[in-house]
Amino acid sequence: MKLILSYLKHYKKMFALNVFSVFGFALVELGIPTIVAWMIDRGVSEKDTAFIFEMGGVILLISLLGTAGTILLGYCCAYLSTSITRDIRNDMFEKTQEFSHREFKEFGTASLITRTTNDAFQIQMFLNILFRTALMTPVMTVGSIVLVLKASLSLSMVILGTVPFIVVGVIIVAKRSELLSERQQSSLEWINRISKENISGIRVIRAFTNDRHEKKRFDEANSAYMGYSKKLFKLMSVTQPAFYFLMNLAGMLIYWISSIMIEQGGLNIGQLVAFMDYLFHVMFSIMLFCLVFMMYPKAAVSARRITKIFDAVPAVENASGEGGSPIRIDEITFDHVTFAYPDGEEAVLTDVSFTVKKGETIAFIGSTGSGKSTLINLVPRAYDVSGGRILVNGKDIREIDLKSLRNSIGFIPQKAMLFSGSIADNLKFGKEDASLKEMEEAAKTAQAYDFIMEKGGFDVQITENATNVSGGQRQRLSIARALVRKPEVYIFDDSFSALDFKTDAKLRKELKKVLKDAVMMVVAQRITSIMDADKIMVLNEGRVVGAGTHKELLESCRIYQEIAASQLDKEELAHD
Ligand SMILES: Nc1ncnc2c1ncn2[C@@H]1O[C@H](COP(=O)(O)OP(=O)(O)OP(=O)(O)O)[C@@H](O)[C@H]1O
């Protein structure tokens, strides 16, 4: 409710219209039975046709007003429920943009998608019913009860007798449905997770002919979802007839008691008709309210899941929310940096120190898992250091506007990621207003120009998951995207691994020419990719075990010597 109220305040006018249409509707609905009673008791009993016609006209007019009120109410409900849900979805999306890797890992991609889609949809469904009934039910119930009591006190007692049964029933149903809803949402999340893994890993699955295993995994999740949904539907399918049964029972009792009363002259037919009409309204309002009550647990579960996203405090905080424009970066220093992942006990990096200046290239090499990717990911603050400091021009990066810092960095990740859209859209990702010339220059440096032209130019569409470009082409496009931005710092995270040796060499030569004034940080597995670097840091189990130029390290660092020795043959082949 807190979540809904915080959004409802933006739609005060529409809500006022909603309230107005509810009162209008109630007034009309409650007025008709009284007029019908007059028609029967005065018009029919006394055979006053003119009066019947007159009242008929009034009923027609009132019905028209009622119809207009109902349409207006429907419009208001639709507007409010869809607008509020859109706002919730937008805010959720915006909030996830602030998330650091830690929050993404904590929630999980499938869960974030389920929360943004299905949970928001549950809220929308609930809101629609809520706005339709939340006000109408009390107004109609109170109005009907007053009129029912006025029509006949003794008959009203019959209705009151059914109320405790309804209340107890609703509470039991609500409790059971809350538990089932929670499990249903989790199993939907499970389905989404498997679908996502399956679709993105379809090539691996096929290569390992593991379709059957995947099908079994999906079937398990799907069956669990079906199980909980079935239980929920069963619960609802029992509830509604039970309420109808109660209503019919009360109706039967009323007819029985009223027939005795009419016989004894304590009630006339018109009064009975009006009474039954009011009774119908009371029961109908209670029914609607039950519906809200039954939908509430499901919506409450969804609201809790959504609120968890809003309440999450990003591990990486922005010192100032302003700015965003790139900053000049002359120097980056790691000052005794230590880092452990939030869910890991041991440090992945220990006491790492170095400085790299504008125009210099620093490279990181070491065995897999030695902490190279972790190290360079600390620069754009994917995570914050656990100990020590990272300084940009002498200032701790935690004190620099996060957007400005990131806007000054061209990051080329290990796994080249392209978005669906044209090649141009992808290249302009970091600079919306990039010209064709800028794109061409970047593509040429990244050794991507020729294959882009072969494919048909910059307007060629990249398919979902970039399946129409090879791994090496993807890497080159990803490098070109960073080049278009012309940032102060370039971070290459093993970004040449899918390139053949010749293209790799050519690309590095071109990069050296173009990136004279930038800070370059390069992670590589191949010595050929980094041997020209101004400084090479050799990492082993998160510690720096060697630092210097290629030549220096060949003389002084055992691990570097081993890596060089193991790659020598390949290099020689490449140079041929
Ligand atoms: N998100 C993460 N959460 C927890 N531990 C992680 C995470 N990413 C990496 N690690 C762990 O941190 C250590 C260093 O990993 P990292 O990816 O930095 O190594 P690397 O040198 O880049 O390896 P590679 O050359 O294989 O890419 C590894 O032990 C890895 O398991």
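Residues numbered from 1 in each chain as written. Predicted model: local features only at pLDDT ≥ 70, side-chain atom pairs only at ≥ 80, totals over all residues. Heavy atoms only, no water.

## Considering the pattern of salt bridges
Which entries qualify depends on this criterion: Any Lys or Arg side-chain nitrogen located within 4 Å of an Asp or Glu carboxyl oxygen qualifies as a salt bridge. Strands here are runs of E lasting at least two residues and helices are runs of H or I lasting at least four, both read from the DSSP assignment and numbered beginning at the N terminus. Here's how the labels work: a residue is buried when its accessible area is under 20% of the maximum for its type, exposed when over 50%, partly exposed in between, all with a 1.4 Å probe on protein chains only.
One pass over the full model with this rule turns up 24 salt bridges. Here R217 makes a salt bridge to E214, at a shortest N to O gap of 3.3 Å. Here R217 pairs with E214, and both are found in helix α9 (residues 211-263), just three residues apart, close to one helical turn. Using a relative accessible area of 26% as the deciding quantity, one classes R217 as partly exposed. A salt bridge links D532 to R508; the nearest nitrogen and oxygen atoms lie 3.9 Å apart. Linking D532 in the loop between α18 (527-530) and β11 (535-540) with R508 in helix α17 (residues 501-514), this pair joins segments that are 24 residues apart in sequence. Owing to a relative accessible area of 17%, R508 belongs among the buried residues under this scheme. Among the charged side chains, a salt-bridge network with shared partners connects R328, D330, K358 and E488.

## A word on the sheet that holds strand β2 (residues 349-357)
Which entries qualify depends on this criterion: One requirement defines pairing of two strands: DSSP has to find at least two bridges between them.
Spatial strand order, β2-β1-β4-β5: four strands in an open sheet with antiparallel pairing. With one partner strand each, in any of the chains shown, β2 and β5 (395-396) form the two edges of the open sheet. In this structure, strand β1 (residues 331-339) lies alongside strand β4 (residues 387-392), joined through five bridges in antiparallel fashion. In the sheet register, D335 faces β4, and the bridge partner there is R389.

## A look at the pairing of β4
For β4 and β5, the ladder comprises two bridges, and the chain directions are antiparallel. Each residue of the ladder has a partner; that of V392, found in β5, is K395. Hairpin remark: β4 followed by β5, antiparallel, with two residues in the connecting loop; positive phi at N393, about 50 degrees.

## Re the domain arrangement of the chain
Threshold: Domain delimitation follows an automatic or database domain assignment.
Partitioning the chain into structural domains gives domain 1 (2-311), domain 2 (323-408 + 491-576) and domain 3 (414-486). A separation of 51 Å is found between the C-alpha centroids of domain 1 and domain 3.

## Observations regarding the packing of aromatic side chains
Condition: Two aromatic rings, drawn from Phe, Tyr or Trp (for Trp, its six-membered ring), form a pair once their centres lie within 6.5 Å of each other, and the interplanar angle then sorts them: stacked below 30 degrees, edge-to-face above 60, tilted otherwise.
Scanning all chains against the criterion turns up 14 aromatic pairs. Ring centres of F99 and F104 lie 5.8 Å apart, and the angle between their planes is 75 degrees; this geometry places the pair in the edge-to-face category. Using a relative accessible area of 6% as the deciding quantity, one classes F99 as buried. F104 gets classed as partly exposed once you look at its relative accessible area, which sits at 36%. Taken together, a centroid distance of 5.0 Å and an interplanar angle of 80 degrees make the contact between F339 and Y341 edge-to-face.

## So, the packing of α9 against helix α10 (residues 269-311)
In a packed pair of helices, the relevant descriptors are the angle between the two axes and the axis-to-axis distance. Cut-off, in case you're wondering: Here the axes come from fitting lines to C-alpha atoms, over the contacting stretch only for helices, and the angles between their N-to-C directions go from 0 to 180 degrees. Geometric relationships in this document are graded by angle, where less than 35 degrees denotes roughly parallel, more than 145 denotes roughly antiparallel, 65 to 115 denotes roughly perpendicular, and other angles denote oblique. Should the near helix be turned anticlockwise from the far one by less than a right angle, the crossing is termed left-handed; should it be turned clockwise, right-handed. In this classification, the charged set is Asp, Glu, Lys and Arg, the nonpolar set is Ala, Val, Leu, Ile, Met, Phe, Trp, Tyr, Cys and Pro, and all remaining amino acids, among them Gly, are polar.
The interhelical angle for the contact between α9 and α10, taken along N-to-C directions, is 165 degrees, at an axis separation of 11 Å. With respect to each other, α9 and α10 are oriented roughly antiparallel. The chirality of how α9 crosses α10 is right-handed. Looking at the contact of α9 with α10 residue by residue, the class counts come to 18 nonpolar, four polar and one charged.

## Some thoughts on a nonpolar patch on the surface
Put simply, the test is: Patches here: salt-bridge-free residues with over 30% relative accessible area, like charges joined within 9 Å, nonpolar side chains (Val, Leu, Ile, Met, Phe, Trp, Tyr) joined within 5 Å. Where accessible areas are quoted, they stem from the Shrake-Rupley method and a 1.4 Å probe; at the residue level, only the protein chains shown are allowed to cover.
Together, I145, L149, L153, M157, L160, V163, V167, I171, F289 and F293 give the surface a local cluster of nonpolar side chains, amounting to about 840 Å² of exposed area. Every element with two or more residues in the nonpolar patch is listed here: α6 (136-151), α7 (153-200) and α10. Ranked by residue count, the leading element in the nonpolar patch is α7, at six residues. Mapping I171 onto the fold places it in helix α7. For I171, a relative accessible area of 45% gives the class partly exposed.

## A word on the layout of surface pockets
For the record, the criterion: Note on definitions: the grid is 1 Å and covers protein atoms alone; a cavity is a set of points where a 1.4 Å probe fits but cannot get out; a pocket is an open set with protein on both sides within 12 Å along at least five of seven lines; lining residues have an atom within 4 Å of a point. Grid points are joined across faces, edges and corners, and a volume is the space filled by probe spheres set on the points.
In this structure, the second largest pocket encloses a volume near 420 Å³. Forming the walls of the second largest pocket are 18 residues, and the residues nearest its centre are L232, F233, M236, M295 and K298. Per element, the largest residue contribution to the lining of the second largest pocket is six residues, and it comes from α9. The residue makeup of the lining of the second largest pocket, split by class, is eleven nonpolar, six polar and one charged.

## Section: the sheet that holds β11
As a reminder of what qualifies: In this analysis, two residues are considered to be in contact whenever any of their non-hydrogen atoms come within 4.5 Å of each other.
If you trace the six strands from one edge of the open sheet to the other, you get β6-β9-β10-β3-β11-β12, paired in mixed fashion. Of all the strands in the sheet, the pair left with one neighbour each is β6 (409-412) and β12 (543-548). Here the average twist between neighbouring strands, direction ignored, is 15 degrees. Where strand β3 (residues 361-366) lies against β11, five bridges are found, and the strand directions are parallel. Paired with I362 across the strands is K535, a residue of β11. Sheet contacts for helix α16 (residues 471-485): β6 and β9 (489-493); angle to β6, the most-contacted strand, approximately 180 degrees.

## Overview of α10
One turn of an α-helix holds 3.6 residues; hence residues three or four places apart share an orientation. This is how the line gets drawn: The length a helix should cover is 1.5 Å for every residue beyond the first. The reported bend at a residue is simply the angle between two axes, fitted to the 7 residues ending at it and to the 7 residues beginning with it.
For α10, which comprises 43 residues, the first-to-last C-alpha distance of 60 Å matches the rise-based estimate of 63 Å (1.5 Å per residue) to within 8%. Its axis deflected by about 35 degrees at Y296, α10 carries its strongest bend there, up to four residues before the proline P297.

## Digging into the site of the ligand
For clarity, the cut-off: Near is defined per residue: the residue qualifies when any heavy atom it owns lies within 4 Å of the molecule or strand. Here a polar contact is recorded for every N or O atom pair within 3.5 Å, except that within protein the pair must consist of a potential hydrogen donor and a potential acceptor, and residues adjacent in sequence are included only if both atoms are side-chain atoms.
In the vicinity of the ligand, 15 residues are found, and the nearest of them are K105, K372, S373, T374 and Q525. A distance of 2.8 Å is found between an oxygen atom of the ligand and a backbone nitrogen or oxygen belonging to S373. Q525 places a polar side-chain atom, nitrogen or oxygen, 2.8 Å from an oxygen atom of the ligand. The protein chains hide 63% of the 640 Å² of surface that the ligand would expose on its own. Here the shell around the ligand is built from residues that sort into three nonpolar, nine polar and three charged.

## Points about the nonpolar core
As a reminder of what qualifies: Take the buried residues of types Ala, Val, Leu, Ile, Met, Phe, Trp, Tyr and Cys, join any two whose side-chain atoms come within 4.5 Å, and each joined set is a nonpolar core.
Membership of the largest hydrophobic core comes to 63 residues, with the highest contact counts inside it found for I84 and I88. Contributions of two or more residues to this core are made by α1 (2-8), α2 (12-44), α3 (49-98), α5 (109-133), α6, α7, α9 and α10. The element that contributes the greatest number of residues to this core is α10, accounting for 18 residues. Of all hydrophobic cores here, the second largest spans 49 residues; its members include F492, L511, L515 and L553.

## Topic: a positive patch on the surface
Operational definition: The sign given to each residue is positive for Lys and Arg and negative for Asp and Glu; His and the chain ends receive no count. Think of each charge as sitting on NZ of Lys, CZ of Arg, CG of Asp or CD of Glu.
On the surface, R176, R183, K230, K231 and K234 cluster together to form a positively charged patch. When contributions to the positive patch are tallied by element, the ones reaching two or more residues are α7 and α9. The dominant element in the positive patch, judged by the number of residues it contributes, is α9, at three residues. Take K231: it is sitting in helix α9. With relative accessibility at 41%, the residue K231 sits in the partly exposed group.

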